[in-house]
Amino acid sequence: MAYWVTLAAFWWFTYFFGFILNLVPMMLYLKCGALVYLYCPFTRGVDKVVDAVFKPYVFPQVFGVPYVKKATAQESNGAPTNSEATFHGGADNAVAPDNLAALD
């Protein structure tokens, strides 16, 4: 769904501002490059655009629900996330990452 919303927004933007965009040399190639960036699975450009533009600015206007940025695991409780957790001691003394906050 994010792909179609982004494509529609891209189309509307180029439709309304086409008279200005056509003055830019090689605009066709820039548009193609932008679309490749958005839809390439390696860059995940659509996800970046949705997170940076649509979620904080467009979706609250459409759905009437205010945008609240989700805190990461480390921001919410101060404990390291699973990828940052370190195990202390050997295999017998290992502490699971989920229980690190309980040790404080």
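Model, not experiment: these values are computed from the prediction.

Rules used in this analysis
Residues numbered from 1 in each chain as written. Predicted model: local features only at pLDDT ≥ 70, side-chain atom pairs only at ≥ 80, totals over all residues. Heavy atoms only, no water. Helix = DSSP H or I, 4+ residues; strand = E, 2+ residues; numbered from the N terminus. Contact = heavy atoms within 4.5 Å. UniProt positions renumbered as here; feature names shortened; annotations may be inferred. pLDDT = per-residue confidence, 0-100. Phe/Tyr/Trp six-rings, centres within 6.5 Å; stacked < 30°, edge-to-face > 60°. Buried < 20%, exposed > 50% of the residue type's maximum accessible area, 1.4 Å probe, protein only.

Moving on: the overall build of the chain. Summing up its helical and strand segments, the chain has six helices and zero strands in all. The contacts in the chain between residues at least 6 apart in sequence include a share of 32% that link residues at least 24 apart.

What follows covers the UniProt feature "transmembrane region" (unreviewed entry) in the chain. Per the UniProt record, "transmembrane region" (unreviewed entry) is found at residues 12–39. Annotated as 79% helix and 0% strand, the span residues 12–39 places its first and last C-alpha atoms 17 Å apart.

Confidence in the prediction of the chain, expressed as mean pLDDT, is 77, and 68% of residues score 70 or more. Here helix α6 (residues 100–103) stands out as the least confident element of the chain, with mean pLDDT 49; helix α3 (residues 27–39) is the most confident, with 92. Considering only residues more than four positions removed or in separate chains, one finds that residues 84–96, a stretch of pLDDT under 50, has twelve contacts.

On to the packing of aromatic side chains, then. All chains considered together, the criterion is met by nine aromatic pairs. Ring centres 5.4 Å apart and planes at 75° place the aromatic pair Tyr15 and Phe16 in the edge-to-face group. When its relative accessible area of 52% is taken as the criterion, Tyr15 is described as exposed. Residue Phe16 is classed as partly exposed on the basis of its relative accessible area of 47%. Linked through ring pairs, Trp11, Trp12, Tyr15 and Phe16 together constitute an aromatic cluster.

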